[in-house]
Amino acid sequence: KADVSPSVGVDRTACQAKLVDDALDRESREYFCDNSRLRAVEQGITYRFSKELYDKDIISSVAAWGSMVTGVDQCDGWLKVGERYLPMSYQGLQILIPAEDMCR
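Residues numbered from 1 in each chain as written. Predicted model: local features only at pLDDT ≥ 70, side-chain atom pairs only at ≥ 80, totals over all residues. Heavy atoms only, no water.

Asks: What should I look at first to understand the overall build of the chain in this one?
Replies: In terms of helices and strands, the chain carries two helices and nine strands. When the helices and strands of the chain are listed from N to C terminus, the series reads α-β-β-β-β-β-β-β-β-β-α. Put simply, the chain has 104 residues, and 38% of those count as buried. Of all intrachain contacts in the chain linking residues separated by at least 6 positions in sequence, the fraction that spans at least 24 positions is 67%. Summed over all atoms, the accessible surface of the chain reaches about 6200 Å², with 50% contributed by carbon and sulfur. (Helix = DSSP H or I, 4+ residues; strand = E, 2+ residues; numbered from the N terminus. Buried < 20%, exposed > 50% of the residue type's maximum accessible area, 1.4 Å probe, protein only. Contact = heavy atoms within 4.5 Å. Areas by Shrake-Rupley, 256 points an atom, 1.4 Å probe, with all protein chains shown as cover.)

Asks: Sorry, what's going on with unusual backbone geometry here?
Replies: Working note: non-glycine residues mostly have negative phi, and peptide bonds are mostly trans. Here the phi dihedral of Arg39 falls at roughly 55°; this positive angle occurs in a residue that is not glycine. Residue placement: Arg39 occurs in the loop between β1 (29-33) and β2 (44-45). Arg39 gets classed as exposed once you look at its relative accessible area, which sits at 67%. One non-glycine residue, Gln91, lies in positive phi territory at about 50°. Mapped onto the elements, Gln91 comes out in the loop between β7 (89-90) and β8 (93-94).

Take a look at the structure:
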């Protein structure tokens, strides 16, 4: 399972502005699990129980590369999917791509 971590350079100002724009009504959005740049040998991204890399859910399945996941951007490098979390990037490479960006 991929041991991925959030990027260090998260633009918090942009995320905070996004939160204000969304008010308290943040919506779930679809994200594509992209391994095209990272080229990890693992089957996908391991879910976490919290926003800590070590807090892995090793019993459940991973978010498979090439699949779509639905979650809420936490504006800190993490995507909340149900009650668990996925890191949005690893080693400075984005691994969760918003679906709306896939058509651009």
